[in-house]
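# Fold and geometry: a report
Chain residues, written in single-letter form:
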Amino acid sequence: MRSCVRAVSGTAQRLHMSPVCVSQSFAVVARSLSFSPCCRVTYDASFQSVSYGSDHPRVLITGGLGQLGVGLAKLLRKVFGKYNVILSDIRKPPNHVYQSGPFIYSDILDYKNLREIVVNNRITWLIHYSALLSAVGEANVSLARDVNITGLHNVLDIAGEHGLRLFVPSSIGAFGPSSPRNPTPDLCIQRPRTIYGVSKVHAELMGEYYHHRLGLDFRCLRYPGIISADSQPGGGTTDYAVQIFHDAVKTGKFVCNLRPDTRLPMMFIDDCLRATLEVLEAPAEVLGMRTYNISAMSFTPEELVREIRRHLPDLQVTYKIDPVRQAIADSWPEMFDDTSARSDWGWKHGYGLPELVQAMLNFTGSDSRMSQAN
Ligand SMILES: NC(=O)c1ccc[n+]([C@@H]2O[C@H](COP(=O)([O-])OP(=O)(O)OC[C@H]3O[C@@H](n4cnc5c(N)ncnc54)[C@H](O)[C@@H]3O)[C@@H](O)[C@H]2O)c1
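Being a predicted model, the structure only gives us computed values, none of them experimental.

Procedures and definitions
- Residues numbered from 1 in each chain as written.
- Predicted model: local features only at pLDDT ≥ 70, side-chain atom pairs only at ≥ 80, totals over all residues.
- Heavy atoms only, no water.
- Pairing = 2+ DSSP bridges.
- Helix = DSSP H or I, 4+ residues; strand = E, 2+ residues; numbered from the N terminus.
- Axes fitted to C-alpha atoms, helices over the stretch in contact; angles between N-to-C directions.
- Contact = heavy atoms within 4.5 Å.
- Polar contact = N/O pair within 3.5 Å; in protein donor to acceptor, adjacent residues only side chain to side chain.
- Expected span 1.5 Å × (residues − 1).
- Buried < 20%, exposed > 50% of the residue type's maximum accessible area, 1.4 Å probe, protein only.
- Arc of directions from axis to C-beta.
- Core = buried A, V, L, I, M, F, W, Y, C linked by side-chain atoms within 4.5 Å.
- Salt bridge = Lys/Arg side-chain N within 4 Å of Asp/Glu carboxyl O.

## A few points about the sheet that holds strand β8 (residues 225–227)
An order of β8-β10-β12 is seen for the 3 strands of this open sheet, with the pairing classed as mixed. Strands at the two margins of the open sheet, each flanked by one partner only, are β8 and β12 (297–299). Across the sheet, the mean angle from the axis of one strand to that of its neighbour is 45 degrees, orientation sign disregarded. Alignment of strand β10 (residues 264–268) against β12, held across 3 bridges, turns out to be antiparallel. Each residue of the ladder has a partner; that of M266, found in β12, is M297. Along the sheet, helix α10 (residues 240–250) contacts β8, β10 and β12; its crossing angle with β8, the most-contacted strand, is approximately 20 degrees.

Below you can see the structure in the form of structure tokens.
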């Protein structure tokens, strides 16, 4: 009970309300969120980010074996120490990941197991990467609904109960055909037509609701399509922009599943991971919003092919359109407006299209082909 009183008076200060008034609102909200504030909340909990002072945060990454999690763990471990960052997933980690730092099994649909991990490891930051991406989600809507929506509810409740800083990525997929597409601002109509997009809008709104109503330290970036060399994409609409590099180097041929003029916002993984760390470290007072667009570049398949051919002139590309992915891409932003991220917390991208292509070709080991070409 003492913890409830402490949480309530902290919330009261933040909301400039009397503790009694907040206590009543908290009880009503907690009831409507179907948990009792005094039975699930642990002794230390408050709806306030735990202050870690000079200590490093203790980070848990869910869905960490996908395209982005391993790279993020590597970056965060460099900054906060190897044992302060725990990767988790429902899949078996490859050897190099298992040996690189702490890994634990966690199914985000198992609420009790997730809570146990957070409590036993004294987690202070939760980075929620588990998801079914756009194309995979359309192929399995009920699983996408479970993982992307029910899973998010578990994560929100646990973050709220244990005073965690919670990062949930959103996506260009959170917009739809009625959104302005070029440029797409932070605040505009969002009527996505995929289960992935609907779940991302839901995550943005739920996180912001918990933040404004209960003081949860929720932070969210809308990522563009992310391009990486050493990790495979997980079934999104922008996957072609990763696959093309592997095929260009291995076979010199690529079959593209989007039309040559399909313009989408994209970002190199190093920029994406750095943005994630920067927004997580930003002082709360600079965050004028809790969900930000971030942008680096925007290109079409034919523009990407042109840039790759500057290094690999013999690359052959044919187009075999996947109607599901094309319909999704046609409803998404062509270009993000990320003015607020730049002005509020200093976001600045490092890679444009030429730098991205150079970095990807360097990594995918195209040296021999490049020297033949030159
Ligand atoms: N990669 C991109 O281009 C991109 C763009 C925008 C947003 N995002 C978002 O970033 C996050 C990470 O993306 P990613 O590309 O690494 O995704 P991914 O599909 O590569 O990986 C997702 C991971 O979630 C795991 N997962 C699935 N069900 C789970 C469950 N029940 N419990 C725990 N884990 C489960 C999977 O095993 C997988 O390893 C996602 O939320 C995604 O929506 C990614």
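## Overview of the environment of R91
Within the secondary structure, R91 sits in the loop between β2 (85–89) and α5 (95–98). Residues R91 and I104, 13 residues apart in the sequence, show an inter-C-alpha distance of 9.9 Å. Excluding anything up to four places from it in sequence, R91 contacts L65, G66 and F103. Here L65 takes part through its backbone oxygen, which lies 2.8 Å from a polar atom of the side chain of R91.

## Side note on helix α4 (residues 69–80)
Here α4 is 12 residues long and its end C-alpha atoms lie 16 Å apart, about the 16 Å a rise of 1.5 Å per residue gives. Within α4, burial applies to G69, L72, A73, L76, R77 and F80. Buried residues along α4 cover an arc of 130 degrees about the axis, so they all sit on one side. Turned more than 90 degrees away from the buried face of α4, the exposed residues are K74 and K78. Buried residues belonging to α4 abut β1 (59–62), β2, β4 (125–128) and α11 (269–281). Two residues or fewer after α4 comes G81, characterised by a positive phi angle close to 100 degrees.

## Some details on the nonpolar core
For soluble globular proteins, nonpolar side chains are generally found buried alongside one another. One finds I61, F299, L304 and W345 to be the most contacted residues of the largest nonpolar core, which totals 71 residues. Those residues in contact with I61 that sit more than four places away from it in its chain are G69, L72, A73, L76, V85, I86, L87, S88, I127 and Y129.

## A word on helix α9 (residues 195–214)
With 20 residues, α9 extends 27 Å from end C-alpha to end C-alpha; this agrees with the ideal 28 Å at 1.5 Å per step. Taken from the residues just after α9, G215 is the one with a positive phi, measuring 80 degrees.

## Section: the pattern of salt bridges
Enumeration over the complete set of coordinates arrives at 14 salt bridges. Note that E204 and R222 form a salt bridge whose closest N and O atoms lie 2.7 Å from each other. With E204 in helix α9 and R222 in strand β7 (residues 217–223), the pair connects residues that are 18 residues apart, well separated along the chain. For E204, a relative accessible area of 3% translates into the label buried. Note on R222: relative accessible area 2%, which makes it buried. Between R342 and D338 there is a salt bridge, and its shortest N-O distance comes to 2.9 Å. Note on R342: relative accessible area 30%, which makes it partly exposed. Connected via shared salt-bridge partners are R165, D217, R219 and R290.

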